[in-house]
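Examining the three-dimensional arrangement
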Amino acid sequence: MLRLLTAIDFAANKHRQQRRKDPEGTPYINHPIGVARILYEEGGVDDTAALMAAVLHDTVEDTDTTFDELTQAFGDEVSRIVAECTDDKTLPKADRKRLQIENAPHKSDKAKLVKLADKIYNLRDLQRTTPKGWTPERVAEYFVWAKRVTDGCRGVNARLESILDRIYAESIKA
Ligand code: NDP
Ligand code: ZN
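Just so you know, these numbers come straight off a predicted model, no measurement behind them. (Residues numbered from 1 in each chain as written. Chains lettered and ligands numbered in written order. Predicted model: local features only at pLDDT ≥ 70, side-chain atom pairs only at ≥ 80, totals over all residues. Heavy atoms only, no water.)

Another point: the coordination of the zinc ion (ligand 2). Within the first shell, the zinc ion (ligand 2) binds the protein through His31 (NE2), His57 (NE2), Asp58 (OD) and Asp118 (OD), at distances of 2.1 to 2.3 Å. Among the residues examined, Asp58 registers a relative accessible area of 6% and is labelled buried. (Donors = N, O, S within 2.8 Å, 3.2 Å for Na, K, Ca; no water. Buried < 20%, exposed > 50% of the residue type's maximum accessible area, 1.4 Å probe, protein only.)

Now the structure itself:
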């Protein structure tokens with residue numbers, strides 16, 4: 001519990017200047033905390049390293065956090081799971097999106113769990129409200145892309161996978 005709370009405290013501090021893309025500009029930290037909750041409550045995942053990685057999964061991608069810092073503070077396993085969930089921001093966006101699809105099947109089970117919960121959170125956000133400046137086409141493309149990523153993460157948690165099946169059935173037009 002202390003390790004998990006320390007990870008939440010760390011992530012809240014790192015993301016403190018950031019907001020989500022919804023029109024309300026929700027504090028960014030709502031997202032990683034929500035991803036961890038989805039994993040635990042909806043996925044039944046009680047592995048501490050996976051829950052900590054969920055809380056920390058966007059810190060390196062979106063803040064000045066380094067993997068060394070995560071390893072020092074939270075150990076090798078947590079840092080490695082976060083690394084598996086981190087895009088290489090030196091690459092063009094189209095390559096990053098393509099690599100998420102291509103790399104998904106090769107990730108560890110714990111990284112796949114975090115990816116599934118991350119996509120559930122983001123897709124629910126998109127079902128709730130459209131981000132500032134997004135067209136309906138962009139939202140629709142995001143669902144199709146996310147499905148290609150999560151299809152590569154299947155086989156680790158039937159509960160999370162069936163939640164995603166329902167989301168795609170509601171939101172992807174044939
Ligand atoms: P982005 O990657 O720009 O944005 C989605 C990411 O933003 C999520 O994965 C999530 O990442 C984060 N996020 C923050 N706030 C929210 C929120 N309220 N709801 C959902 N996600 C949020 O989107 P894409 O580039 O993937 O765009 C979607 C599709 O649109 C793509 O398939 C692309 O082809 C197309 N596109 C269209 C453009 C256009 O102008 N028409 C421009 C660019 C792309 P995290 O978990 O890291 O927070
Ligand atoms: Zn995320």
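As annotated in UniProt, the feature "domain: HD/PDEase" (unreviewed entry) corresponds to residues 24-132 in the numbering used here. With 68% helix and 0% strand, residues 24-132 has end C-alpha atoms that lie 9 Å from one another. (UniProt positions renumbered as here; feature names shortened; annotations may be inferred. Helix = DSSP H or I, 4+ residues; strand = E, 2+ residues; numbered from the N terminus.)

Turning next to the site of ligand 1. If you check the shell around ligand 1, you find 17 residues, and the closest are Tyr28, Lys93, Lys97, Arg138 and Tyr142. One of the side-chain nitrogen or oxygen atoms of Asp118 is found 3.2 Å away from an oxygen atom of ligand 1. A majority-of-atoms criterion places ligand 1 in the largest pocket. Broken down by secondary-structure element, the contributors of at least two residues to the shell around ligand 1 are helix H7 (93-103), helix H8 (109-128) and helix H9 (136-151). (Near = heavy atom within 4 Å. Polar contact = N/O pair within 3.5 Å; in protein donor to acceptor, adjacent residues only side chain to side chain. 1 Å grid on protein atoms, 1.4 Å probe; cavity = no way out; pocket = protein on both sides within 12 Å on 5 of 7 lines; lining within 4 Å. Sits in = over half its atoms within 2 Å of the grid points.)

Note on placement: Lys110 falls in helix H8. Exposure remark for Lys110: the relative accessible area of 25% places this residue in the partly exposed category. Separated by 23 residues in the primary sequence, Lys110 and Gly133 have C-alpha atoms spaced 34 Å apart. Not counting the four nearest positions on each side in its chain, Lys110 is found in contact with Asp47, Ala50, Glu77 and Ile81. (Contact = heavy atoms within 4.5 Å.)

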